[in-house]
Amino acid sequence: MTRVAVYAGTHWIVGLLNTDGRRLNELANDRANEFLSLTDARVHREPDLSRPLTLLPRVVVPKSAVLLLALLEAQHEAPEKRRTYMQKKLSFPVFVTVAGTEVIGTMHLTTRIDPVALLARLAIEGSAFFAVADAEVPQLPPLGGAEIAPVVLVARAAVTGCYLADTPV
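This write-up is about the structure you can find in this document. (Residues numbered from 1 in each chain as written. Predicted model: local features only at pLDDT ≥ 70, side-chain atom pairs only at ≥ 80, totals over all residues. Heavy atoms only, no water.)

Section: the packing of aromatic side chains
Then, number 1: Taken as a whole and judged by the stated rule, the model has one aromatic pair.
Then, number 2: Measuring from ring centre to ring centre gives 4.6 Å for Tyr7 and Trp12, while their planes differ by 20 degrees; the resulting arrangement is stacked. Each member of the pair, Tyr7 as well as Trp12, is classed as buried. (Phe/Tyr/Trp six-rings, centres within 6.5 Å; stacked < 30°, edge-to-face > 60°. Buried < 20%, exposed > 50% of the residue type's maximum accessible area, 1.4 Å probe, protein only.)

The structure is reproduced here in structure tokens:
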């Protein structure tokens, strides 16, 4: 089980997601399943994210409603896969906005790509979400997350603005 925060536009849901040894990105982009099921869930709404509206044993969220999916744990959700499939990539600073929040972090890419081409390529590949590593999202610390999340998945269709640096860090 992996502790995550799901932003569904009007509510933040913090809970445990069973990854079954899969990467969060794989789960989010798995077209065979249209839902995320979180257990031991806390539902929050701004402006006071430190107090949950309710505690629920299980919440099912349609992936189509998810704008962001953030990993709240420092450890990798699928360490064996990470070790097996690690590829050499460059880290590019990125700033992404979605309705109600923003994500500042890095994207790991084999080469620099124009943001328009990146989003178009994701659409062609059928990827509904893309990963931003070492990500800052203002709402995560009040929800119990660290200031820097190891990874935040952004819904491609929810992007309202995207900046990708020209040079890697």
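There's more to say after this.
Quick word on the side chain of His44
Then, number 1: Here His44 lies in strand β3 (residues 35–44).
Then, number 2: Judged by relative accessible area, which is 1%, His44 ranks as buried.
Then, number 3: Within polar-contact distance, the side chain of His44 engages the side chain of Arg42 at 3.1 Å.
Then, number 4: Polar side-chain contacts of His44 include one of 2.7 Å to the backbone oxygen of Leu49.
Then, number 5: Not counting residues up to four positions away in its chain, the partners in contact with His44 are Thr10, His11, Trp12, Val14, Leu49, Arg51, Pro52, Leu53 and Leu143. (Helix = DSSP H or I, 4+ residues; strand = E, 2+ residues; numbered from the N terminus. Polar contact = N/O pair within 3.5 Å; in protein donor to acceptor, adjacent residues only side chain to side chain. Contact = heavy atoms within 4.5 Å.)

Things to note about the nonpolar core
Then, number 1: Counting residues in each nonpolar core, the largest one holds 51 residues, and the members touching the most others are Val6, Trp12, Leu68, Leu69, Leu140, Val152 and Val154.
Then, number 2: Among the elements that line this core, the one with the most residues is strand β9 (residues 149–155), at six residues. (Core = buried A, V, L, I, M, F, W, Y, C linked by side-chain atoms within 4.5 Å.)

Observations concerning the sheet that holds strand β10 (residues 159–164)
Then, number 1: Taken in spatial order, the 10 strands of this open sheet run β4-β3-β2-β1-β5-β9-β8-β7-β6-β10, and their pairing is antiparallel. In this open sheet, the two strands that pair with only one neighbour each are β4 (54–62) and β10. Each strand axis lies, on average, 35 degrees off the axis of its neighbour in the sheet, ignoring direction.
Then, number 2: Both strand β1 (residues 2–7) and strand β5 (residues 68–71) contribute to a ladder of four bridges, which runs antiparallel. The residue bridging Tyr7 from the neighbouring strand is Leu68, located in β5.
Then, number 3: Contacting β7 (101–109), β8 (129–136) and β10, helix α3 (residues 115–125) crosses the sheet at an angle of about 125 degrees to β10. (Pairing = 2+ DSSP bridges. Axes fitted to C-alpha atoms, helices over the stretch in contact; angles between N-to-C directions.)

Re unusual backbone geometry
Then, number 1: Omega for the peptide link from Glu46 to Pro47 comes to 20 degrees, which places this bond in the cis form.
Then, number 2: Within the secondary structure layout, Pro47 lies in the loop between β3 and β4.
Then, number 3: Phi is positive for Asp20, which is not a glycine, with a value near 50 degrees.
Then, number 4: Summarising the element assignment, Asp20 is placed in the loop between β2 (12–17) and α1 (24–29).
Then, number 5: Not every positive phi belongs to a glycine, and Asp134 is a case in point at roughly 45 degrees.
Then, number 6: Relative to the helices and strands, Asp134 resides in strand β8.
Then, number 7: According to the relative accessible area criterion, Asp134 is partly exposed, its value standing at 46%.

Some words on the pattern of salt bridges
Then, number 1: For the structure on display, the rule yields five salt bridges.
Then, number 2: Close ionic contact of Arg22 with Asp30 constitutes a salt bridge, the shortest N to O distance being 3.3 Å.
Then, number 3: Judged by relative accessible area, which is 27%, Arg22 ranks as partly exposed.
Then, number 4: Across the pair Arg51 and Asp48 runs a salt bridge, and its minimum N-O distance is 3.5 Å. (Salt bridge = Lys/Arg side-chain N within 4 Å of Asp/Glu carboxyl O.)

As for a nonpolar patch on the surface
Then, number 1: A surface patch of nonpolar side chains, amounting to about 270 Å² of accessible area, comprises Phe95, Ile104 and Tyr163.
Then, number 2: By secondary structure assignment, the location of Ile104 is in strand β7.
Then, number 3: Ile104 sits in the partly exposed class, given a relative accessible area of 35%. (Patch = residues over 30% accessible without salt bridge, like charges linked within 9 Å, V, L, I, M, F, W, Y side chains within 5 Å. Areas by Shrake-Rupley, 256 points an atom, 1.4 Å probe, with all protein chains shown as cover.)

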